[in-house]
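Here are the chains, one letter per residue:
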Amino acid sequence: AYAFYRREPKEARTLGWMMLAVGVWSFCNGLSMSGTTLEAQLLFNRFKYFGVLATPPLWLILALQYTQRNVTRSWKHIALIFSPGVILLLVVLTDPWTHLWWPEISLTTFNGHPALYRTHGLIYYVHILISYTYIVAGLILYIHFYRNVQRTYRRQATIMVVAAVVPLIASVITNLGIVDFPWS
């Protein structure tokens, strides 16, 4: 909430929006995992994509702002960054009729609890490619920034890189099927 009240720097507000997106993602994922019916789990699993699809563009915008790139001054640029996520969100929300995101969905059990089983369609992997591209682009911006700034800002850039690399590695491991979790 503090980030929303800060008017300057601009990245404080972007960080606030990103934390809200991650919060929606986490909250809806938790509700999905606690659902006892297929319908409940699917409903919240779809809603989590409001956060899932907003987080990578917000990460990239935050990196652009923090590293003092002027790209985000124009609403056209921001809309362009968000456009793939908006299109993919429409695919997720229309999936009950198209089955482009999840071609196969069923309810199974994991440790005695209901768990959502689903296979992913090609469009899901397009989302993964776009999301990873945004995240890696942000990482590159922070690493380049690290190399060209005073020591004071290097620590902040390091924290941002570590904060992104750890979940990115976990996501890659999960999406490659190296570790298979029913809630992934």
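Residues numbered from 1 in each chain as written. Predicted model: local features only at pLDDT ≥ 70, side-chain atom pairs only at ≥ 80, totals over all residues. Heavy atoms only, no water.

Peer 1: What's the story with the overall build of the protein chain in this structure? I'm lost.
Peer 2: The helix and strand inventory of the protein chain stands at eight helices and two strands. Counting from the amino terminus, helix and strand elements in the protein chain follow one another as α-α-α-α-α-α-β-β-α-α. For the protein chain, whose C-alpha radius of gyration is 18 Å, the value lies close to the compact-globule estimate of 16 Å for 184 residues. For the protein chain, the C-alpha atoms occupy an extent of roughly 55 × 35 × 30 Å along the three principal directions. Per-residue burial over the protein chain gives 38% buried out of 184 residues. Restricting to contacts in the protein chain with at least 6 residues of sequence separation, those with at least 24 account for 59%. When the 14 positive and 6 negative side-chain charges of the protein chain are each reduced to one mean point, those points stand 19 Å apart. (Helix = DSSP H or I, 4+ residues; strand = E, 2+ residues; numbered from the N terminus. Rg over C-alpha atoms; globule rule 2.2 N^0.38 Å. Buried < 20%, exposed > 50% of the residue type's maximum accessible area, 1.4 Å probe, protein only. Contact = heavy atoms within 4.5 Å. Lys, Arg positive; Asp, Glu negative; His and termini not counted. Charge placed at Lys NZ, Arg CZ, Asp CG, Glu CD.)

Peer 1: When you look at helix 8 (residues 151–175) in this model, what are you seeing that I'm missing?
Peer 2: One turn of an α-helix holds 3.6 residues; hence residues three or four places apart share an orientation. Its 25 residues give helix 8 an end-to-end C-alpha distance of 36 Å, which sits within 8% of 36 Å, the value for a rise of 1.5 Å per residue. Within the span of helix 8, buried status applies to Ala157, Met160, Val161, Ala164, Leu168 and Thr174. Looking at the buried residues of helix 8, the elements they touch are helix 4 (55–66) and helix 7 (122–147). (Expected span 1.5 Å × (residues − 1).)

Peer 1: So what exactly am I meant to see when it comes to helix 7 here?
Peer 2: The end-to-end C-alpha distance of helix 7, which contains 26 residues, comes to 38 Å, matching closely the 38 Å that a straight helix rising 1.5 Å per residue would cover. Every buried residue of helix 7 is listed here: Tyr124, His127, Ile128, Ser131, Tyr132, Tyr134, Ile135, Gly138, Leu139, Leu141, Tyr142 and Phe145. Those residues of helix 7 that are buried lie in contact with helix 3 (38–52), helix 4, helix 5 (75–93) and helix 8.

Peer 1: So what exactly am I meant to see when it comes to the pairing of strand 2 (residues 113–119) here?
Peer 2: As a general feature of sheets, a regular strand has side chains that alternate between the two faces. Bridge count for strand 1 (residues 104–110) against strand 2 is seven bridges, and the pairing is antiparallel. Opposite Glu104, over in strand 2, you have Thr119 as the bridge partner. Where strand 1 hands over to strand 2, the hairpin turn is made up of two residues, of which Asn111 adopts a positive phi near 50°. (Pairing = 2+ DSSP bridges.)

Peer 1: Can you walk me through the packing of helix 2 (residues 10–34) against helix 3 in this structure?
Peer 2: The relative placement of two packed helices comes down to the angle between their axes together with the axis-to-axis distance. Look at helix 2 against helix 3: their axes get within 7 Å of each other, and the N-to-C directions meet at 170°. Here helix 2 lies roughly antiparallel to helix 3, going by the angle between them. Classified by chirality, the crossing of helix 3 by helix 2 is left-handed. Contact with helix 2, carried on its side by Ala21, Val24, Trp25, Cys28, Asn29, Leu31, Ser32 and Met33, involves Gln41, Phe44, Asn45, Phe47, Lys48, Phe50, Gly51 and Val52 of helix 3 and no other residues of that element. Of the residues contributing to the contact of helix 2 with helix 3, the split by class is 10 nonpolar, five polar and one charged. (Axes fitted to C-alpha atoms, helices over the stretch in contact; angles between N-to-C directions. Parallel < 35°, antiparallel > 145°, perpendicular 65-115°, else oblique. Left-handed = near helix turned anticlockwise from the far one by under 90°. Nonpolar A, V, L, I, M, F, W, Y, C, P; charged D, E, K, R; others polar.)

Peer 1: Can you walk me through the nonpolar core in this structure?
Peer 2: Considering soluble globular proteins, one finds that nonpolar side chains tend to be buried as a cluster. Membership of the largest hydrophobic core comes to 37 residues, with the highest contact counts inside it found for Tyr49, Trp59, Leu60, Ile81, Trp101, Leu139 and Tyr142. Elements supplying a minimum of two residues to this core: helix 2, helix 3, helix 4, helix 5, helix 7 and helix 8. Other than its neighbours up to four places away in sequence, Trp59 contacts Met18, Tyr134, Ile135, Gly138, Leu139, Tyr142, Met160 and Ala164. (Core = buried A, V, L, I, M, F, W, Y, C linked by side-chain atoms within 4.5 Å.)

Peer 1: Can you walk me through a nonpolar patch on the surface in this structure?
Peer 2: On the surface, a cluster of nonpolar side chains totalling about 600 Å² of accessible area is made up of Trp17, Leu20, Val24, Leu43, Phe47, Phe50 and Leu93. Secondary-structure elements contributing two or more residues to the nonpolar patch are helix 2 and helix 3. Along the chain, Leu20 turns up in helix 2. We classify Leu20 as partly exposed; its relative accessible area is 43%. (Patch = residues over 30% accessible without salt bridge, like charges linked within 9 Å, V, L, I, M, F, W, Y side chains within 5 Å. Areas by Shrake-Rupley, 256 points an atom, 1.4 Å probe, with all protein chains shown as cover. Salt bridge = Lys/Arg side-chain N within 4 Å of Asp/Glu carboxyl O.)

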